[in-house]
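Descriptive structure summary
Residue strings, one per chain:
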Amino acid sequence: NAGVTQTPKFQVLKTGQSMTLQCAQDMNHEYMSWYRQDPGMGLRLIHYSVGAGITDQGEVPNGYNVSRSTTEDFPLRLLSAAPSQTSVYFCASSSEVAALNEQFFGPGTRLTVL
Amino acid sequence: GENVEQHPSTLSVQEGDSAVIKCTYSDSASNYFPWYKQELGKGPQLIIDIRSNVGEKKDQRIAVTLNKTAKHFSLHITETQPEDSAVYFCAANQAGTALIFGKGTTLSVSS
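Here is a short report on the structure shown in this document. Computed from a predicted model, the values in this text were never measured in an experiment. (Residues numbered from 1 in each chain as written. Chains lettered and ligands numbered in written order. Predicted model: local features only at pLDDT ≥ 70, side-chain atom pairs only at ≥ 80, totals over all residues. Heavy atoms only, no water.)

What to know about the overall build of chain B
Looking only at helices and strands, one finds zero helices and 11 strands in chain B. In summary, chain B has a C-alpha radius of gyration of 13 Å against a globular reference of 13 Å for 111 residues, a match within 12%. Expressed as lengths along the three principal axes of its C-alpha atoms, the size of chain B is roughly 40 × 30 × 20 Å. Relative to its 111 residues, chain B shows a buried fraction of 44%. Taking contacts inside chain B between residues at least 6 apart in sequence as the whole, the part at least 24 apart equals 52%. (Helix = DSSP H or I, 4+ residues; strand = E, 2+ residues; numbered from the N terminus. Rg over C-alpha atoms; globule rule 2.2 N^0.38 Å. Buried < 20%, exposed > 50% of the residue type's maximum accessible area, 1.4 Å probe, protein only. Contact = heavy atoms within 4.5 Å.)

Overview of the sheet that holds strand S7 (residues 64-66) of chain A
Residue and element names in this part refer to chain A. Strand order in the open sheet formed by four strands is S1-S3-S8-S7, and the pairing between neighbours is antiparallel. The strands lining the two open edges of the sheet, one partner per strand, are strand S1 (4-7) and S7. On average, each strand axis in the sheet is tilted by 20° relative to the strand beside it, whichever way the strands run. (Pairing = 2+ DSSP bridges. Axes fitted to C-alpha atoms, helices over the stretch in contact; angles between N-to-C directions.)

Some remarks on the environment of Gly 63 of chain A
Residues and elements named next belong to chain A. Here Gly 63 shows up in the loop between strand S6 (54-57) and S7. The spacing of Gly 63 and Leu 79 is 16 residues in sequence and 6.5 Å in space, taken between C-alpha atoms. With near-sequence residues (within four places) excluded, Gly 63 lies in contact with Arg 77, Leu 78, Leu 79 and Gln 85.

As for the pattern of salt bridges
Tallying each qualifying case throughout the model produces six salt bridges over all chains. Among the salt bridges present, the one from Glu 39 of chain B reaches Lys 37 of chain B, with a minimum N-O distance of 3.6 Å. The exposure class of Glu 39 of chain B is partly exposed, given its relative accessible area of 34%. Looking at Lys 37 of chain B, the relative accessible area reads 16%, which means it is buried. When the shortest N-O distance is used, the salt bridge between Glu 39 of chain B and Lys 42 of chain B registers 3.6 Å. Taking relative accessible area as the criterion, Lys 42 of chain B reaches 47% and is therefore assigned partly exposed. A single network of salt bridges, built from pairs that share partners, joins Arg 36, Asp 38 and Arg 44 of chain A. (Salt bridge = Lys/Arg side-chain N within 4 Å of Asp/Glu carboxyl O.)

Quick notes on the interface of chain B and chain A
In this assembly, 20 residues from chain B lie in contact with 21 residues from chain A. Of the roughly 1600 Å² buried at the junction of chain B and chain A (both faces included), carbon and sulfur atoms supply 57%. When the buried area of chain B at its contact with chain A is split by residue, Thr 97, Phe 101 and Lys 103 of chain B rank highest and sum to 28% of it. Our count for the contact surface shared by chain B and chain A stands at two residue pairs in polar contact (both at pLDDT 80 or more). Among the elements of the structure, strand S4 (32-38), strand S5 (45-51), strand S9 (86-94) and strand S10 (98-101) of chain B are those that each provide at least two residues to the side of chain B that touches chain A. At four residues, S10 of chain B tops the list of elements feeding residues into the side of chain B that touches chain A. Looking at the side of chain B that touches chain A residue by residue, the class counts come to nine nonpolar, eight polar and three charged. (Buried area = accessible area lost by both parts, 1.4 Å probe. Polar contact = N/O pair within 3.5 Å; in protein donor to acceptor, adjacent residues only side chain to side chain. Nonpolar A, V, L, I, M, F, W, Y, C, P; charged D, E, K, R; others polar.)

Here it is, written out as structure tokens:
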């Protein structure tokens with residue numbers, strides 16, 4: 001199993017550009033989530049999904065969109081990138097609702113918005 | 001919603017010493033408290049977790065304690081080794097569907 005994979009590893013955007021961060025898991029996990037990690041701020045939940053077709057907002061959802069058309073994939077879309085979105089983004093998955101189970105994290109995507 | 005406070009933000013110990021990291025949470029309905037370790041350049045990885053029906057859990061050199069009345073839980077690492085150097089995050093569940101993380105503790109173990 002590859003576990004949780006994320007692409008790209010690094011990305012530089014200009015303000016106003018849009019892009020999609022990809023996340024895929026091959027463990028048949030129902031629960032998937034996106035976090036951003038900023039220095040001194042820990043991990044903050046952006047969006048999560050409890051299954052295909054179901055998504056919900058986390059702590060910091062503004063400026064991001066998600067969709068979950070399959071169990072395996074959970075892409076994160078930045079509609080109009082802003083410098084405040086410079087961060088490291090982690091995708092995670094869990095076999096059950098994450099609130100009671102181990103989450104498996106991907107290796108992260110480091111995004112810089114100029 | 002849930003709020004998780006973690007202390008200290010940095011911790012330096014000598015190899016062989018013990019390290020303790022403490023977290024407090026605000027939502028009395030929270031019932032799952034995991035700890036994650038993040039090594040440089042990698043994603044966080046679960047090292048131990050505890051549920052609200054248990055007061056203490058141990059796995060070799062690491063242990064977690066939970067005080068539901070005071071709403072705090074702690075990570076204890078004994079006989080620290082250089083490879084324990086990493087960032088450690090505590091977390092608590094919120095509304096049954098999400099994990100809220102603390103801001104992290106950078107542990108440095110010097111030999």
